[in-house]
Amino acid sequence: NKRGNVKKNPNRQVSMRLKLIACALCLLILALGFNVLLNLVSLDKMYVNSVISQYRSIGGDLKRHIENSLRFGKNIHKFIGIGPKLEETKLNIISMVAQNRCPGERERTRDSEMNISISIVIPGGLILYSTVDELIGTYLPGPVREKSNISGKTGAGSESSYVKNEDKYYLFIPVRGLKDER
């Protein structure tokens, strides 16, 4: 054999092409999988923000009721009649959730399935009133207090916010009294 006339192995060219095609397909599948993951995370955030927005809207009515009562001299620590108002707010949220479900699921929407509680929390995290009797007199979980904007400072946390802790969402809607105190 002369050096200049070395013949290339056609099987080797085919196997190299197959390797390149296989690598390209693997990269394509990886890129598509990453894209799907990013889209799911984005859709999850959009869904959570949409639900939180609806809860804020319903909670705004409760906020106005409490603020008006505080302006007229009611004391937050001796707020008579707050229980039924909290229950009404909870029922409004449950009915809103039921309306957003498919017709077949609406009948199955019940209070016990939803695990929704409405509470009044003072700065520091103490729960004064709640639709769940076991929560009254207890404190919000430590991580929730740390991540939330509730504090004793005037002007702190003037906007509503939410915190996720152990697959539960806590929505905070600040209520202001006569002197713009939280």
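Bear in mind that the values here come from a model prediction, so they are computed numbers and not experimental data.

Thresholds, definitions, all that
- Residues numbered from 1 in each chain as written.
- Predicted model: local features only at pLDDT ≥ 70, side-chain atom pairs only at ≥ 80, totals over all residues.
- Heavy atoms only, no water.
- Salt bridge = Lys/Arg side-chain N within 4 Å of Asp/Glu carboxyl O.
- Helix = DSSP H or I, 4+ residues; strand = E, 2+ residues; numbered from the N terminus.
- Buried < 20%, exposed > 50% of the residue type's maximum accessible area, 1.4 Å probe, protein only.
- Core = buried A, V, L, I, M, F, W, Y, C linked by side-chain atoms within 4.5 Å.
- Contact = heavy atoms within 4.5 Å.
- Phe/Tyr/Trp six-rings, centres within 6.5 Å; stacked < 30°, edge-to-face > 60°.
- Lys NZ or Arg CZ within 6 Å of the ring centre and 35° of its normal.
- Expected span 1.5 Å × (residues − 1).

J.: Before we move on, can you summarise the pattern of salt bridges with the specific residues and values?
T.: Evaluation of the coordinates by the stated rule reveals 3 salt bridges. Note that Asp 61 is salt-bridged to Arg 64, the shortest N-O span being 2.3 Å. Pair noted here: Asp 61 and Arg 64 are both in helix α1 (residues 10-71), with a separation of 3 residues, about one helical turn. Among the residues examined, Arg 64 registers a relative accessible area of 46% and is labelled partly exposed. Across the pair Lys 85 and Glu 88 runs a salt bridge, and its minimum N-O distance is 3.6 Å. Placement of the pair is Lys 85 and Glu 88 together in helix α2 (residues 82-100), with a separation of 3 residues, close to one helical turn.

J.: Explain the nonpolar core to me, using residue names and the numbers behind them.
T.: One finds Ile 66, Ile 76, Ile 82, Leu 86, Ile 93, Ile 120 and Tyr 129 to be the most contacted residues of the largest nonpolar core, which totals 19 residues. In terms of residues, this core owes the most to one element, α2, which gives 6 residues. For Ile 82, the contacting residues outside a window of four places in its chain are Ile 66, Ile 120 and Tyr 129. Counting 6 residues, the second largest nonpolar core, distinct from the first, contains Ile 127, Leu 140, Val 163 and Phe 172.

J.: Please set out the packing of aromatic side chains residue by residue, giving values where relevant.
T.: In total, this model carries 1 aromatic pair according to the counting rule given. When the centroid spacing of 6.0 Å and the interplanar angle of 55° are considered together, the rings of Tyr 162 and Tyr 169 count as tilted. Tyr 162 sits in the partly exposed class, given a relative accessible area of 31%. Sitting above the plane of the Phe 79 ring, Lys 74 keeps its charged end 4.6 Å from the centroid.

J.: Please provide a residue-by-residue account of the environment of Glu 146, values included.
T.: One can find Glu 146 in helix α5 (residues 142-147). For the pair Glu 146 and Val 163, spaced 17 residues apart in the sequence, the C-alpha separation amounts to 9.7 Å.

J.: So what's going on with α2? Residues and values would help.
T.: Counted at 1.5 Å a residue, the expected span for α2 with its 19 residues is 27 Å, and the 27 Å between its end C-alpha atoms agrees. Taken residue by residue, α2 has Ile 82, Leu 86, Thr 89, Lys 90, Ile 93, Ile 94, Met 96, Val 97 and Ala 98 as its buried positions.

J.: Describe unusual backbone geometry, listing the residues and the values that go with them.
T.: With phi around 50°, Glu 166 is a residue other than glycine that occupies positive phi space. Residue position: Glu 166 is located in the loop between β3 (161-165) and β4 (168-172).

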